Amino acid sequence: MSFPEDLAREDLAVLQRERLQGLVRSVLPHNPFWRGRLADSGWQDLGTLADRLEDTTLLQELPVCSKQELVADQDSHPPYGSNLSEPLSSYTRLHQTSGTTGRPLRWLDTPSAWSNILSGWEQIFRIAGVTASDRFAFPFSFGPFIGFWAAFEGAAAAGHMCLPGGGMSSAARLQLIQDNQATVVCCTPTYALRLAEVAVEEGVELSSSSVRMLIVAGEPGGSLPAVREAIETAWGARVIDHWGMTELGPMAVECAESPGGMHILESECIAEVVDAETLSPVTAGEQGELLITTLRRTGSPVVRYRTGDLVVADPHPCDCGRKLLRLRGGILGRADDMITVRGNNVFPSSIEAVIRGVHGVAEFRVVVDSERAMDRLRVEVEVVEGVAEALVTEGVAGAIRGTFSFGADVHAVATGELPRFELKGRRFVRE
Ligand SMILES: [Zn+2]
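Summary of the structure given here. What you see is a predicted model, and the numbers here were worked out from it, not measured in a lab.

### Considerations on the sheet that holds strand β12 (residues 305-312)
Taken together, the 4 strands give an open sheet; going across it, the order is β10-β11-β12-β14, and neighbouring strands pair in antiparallel fashion. The open sheet terminates on both sides in strands that have one partner only, identified here as β10 (269-274) and β14 (333-334). Pairing of β10 with strand β11 (residues 287-294), which is carried by 6 bridges, proceeds in the antiparallel orientation. Bridged to E272 within β11 is L291.

Laid out in structure tokens, this is it:
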């Protein structure tokens, strides 16, 4: 028996086509949101559309869907919107987005869709190289954010001991990890660094702890070399990057064999990389926006969903031998996060990579302020104890000037002055 992530390209294509046709034929006709949208684009008869999708390239002719459209649908059909394929009584799980970009989006799941999500996590664990003896710690405040809920349940279902870390201080979470000899930690890259900082304060030797792997998600940091290196050095453990969204479920993971990129779980979705302006497909190796059609999130599916995340499809085969699409460098940034400084378009993640590459930065914040319509960068850094402040501020200023064609005002601030984050870090603020 072969696992879905190990299928040959041709077999994967057959599986995707069958699942897509099944979705269009049996699920979407019961879903008011998708039935209406597809009728608006000329597909009143979804049976015919399913037949025509024998050629899956027809998918590229269907309309794309944005988060704003889903939010608008929930506004006009409160509280859950009309993207529901089953009666409300069939749904058992509610999650909502963190609301970093606008009003939170609510997302419901049926038991069968949720169990498909858990099987996606089984793929993730196999690709990441998790073994039967691994023990998981989740230093994470479980709430309505989908976060690591499915990872927790997926790991428990796969037979691993799972340690919940909700409602605990960082020091208590470190103690939990130590006392129970956890080997895999799941958190955001930001929080992995925060725990490393607390470990130093508490006199805990993380690098000699039982932890051998951190599965990180929620921010681009997991694929940024400087961030990875900082986490891996502090923990003496391997970083595995992971990507998912509330609207999609877990969708990508780095393989053990090839750091610095992520495979898409293509048995669970159809991924397209398109030009963010024209929406035409880009060739492999070129940057574009990732569109996802979910195949097994049947209670609330999405077709050609605009993730807003910019990626490059790696045209080369991966060392792990899997034929799954690989995103080189992971998620490169979000289309809507782009900032313009003196005429240069840059992603916050690129600036973070440069700042994290300077030795002695404990935490930082970038303030973008507009002076005469020209964005300027002000960088505040907290310096690691024992390192000379001037060395760090000059290092950061020099690294920014050397990498981009603009400078930044860099200041040191007192230890503990900048906010620490458990979920997505918010280190870029606009004034
Ligand atoms: Zn691989």
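### Focus: the packing of helix α8 (residues 189-202) against helix α9 (residues 225-235)
Interhelical geometry of α8 versus α9 gives an angle of 35° and a closest axis separation of 10 Å. At the point where α8 passes α9, the crossing takes the left-handed sense. Taken together, the residues of α9 that come into contact with α8 (itself represented by P189, A192, L193, L195 and A196) are V227, A230, I231, A234 and W235. Classifying every residue of the contact of α8 with α9 by side-chain character gives 10 nonpolar, no polar and no charged.

### Here's the deal with the pairing of strand β7 (residues 238-245)
In terms of burial, β7 is a largely internal element, 6 of the 8 residues being buried. Bridge count between strand β6 (residues 213-216) and β7: 4 bridges; the pairing is parallel. Residue L214 lies in a different strand from β7, and its bridge partner there is V239. On the question of chirality, the crossover connecting β6 to the parallel β7 by way of α9 is right-handed. Alignment of β7 against strand β8 (residues 249-253), held across 4 bridges, turns out to be antiparallel. Bridged to G244 within β8 is P250. Connecting β7 to the antiparallel partner β8 that follows it, the hairpin turn spans 3 residues.

### Some words on the pairing of β12
When you tally the buried positions in β12, you get 7 out of 8 residues, the bulk of the element. Sheet topology note: the β11/β12 ladder contains 5 bridges and is antiparallel. Considered in β12, the bridge of E289 is made with L310. As judged from the 2 bridges shared by β12 and β14, these two strands associate in the antiparallel manner. Counted as the bridge partner of L310 is G333 from β14.

### Looking at the sheet that holds strand β5 (residues 184-187)
Ordered in space as β4-β3-β5-β6-β7-β8-β9-β13, the 8 strands form an open sheet in which the pairing is mixed. Across the chains shown, the open sheet's two edge strands, defined by having one partner strand only, are β4 (162-164) and β13 (326-328). Across the sheet, the mean angle separating the axes of adjacent strands is 30° when strand polarity is ignored. Here 4 bridges tie β5 to β6, and the two strands are oriented parallel to one another. Across the sheet, residue C186 finds its bridge partner in β6, namely I215.

Here is what the cut-offs are and how they apply
Residues numbered from 1 in each chain as written. Predicted model: local features only at pLDDT ≥ 70, side-chain atom pairs only at ≥ 80, totals over all residues. Heavy atoms only, no water. Pairing = 2+ DSSP bridges. Helix = DSSP H or I, 4+ residues; strand = E, 2+ residues; numbered from the N terminus. Axes fitted to C-alpha atoms, helices over the stretch in contact; angles between N-to-C directions. Left-handed = near helix turned anticlockwise from the far one by under 90°. Contact = heavy atoms within 4.5 Å. Nonpolar A, V, L, I, M, F, W, Y, C, P; charged D, E, K, R; others polar. Buried < 20%, exposed > 50% of the residue type's maximum accessible area, 1.4 Å probe, protein only. Right-handed = clockwise from strand over helix to strand, strands pointing away.

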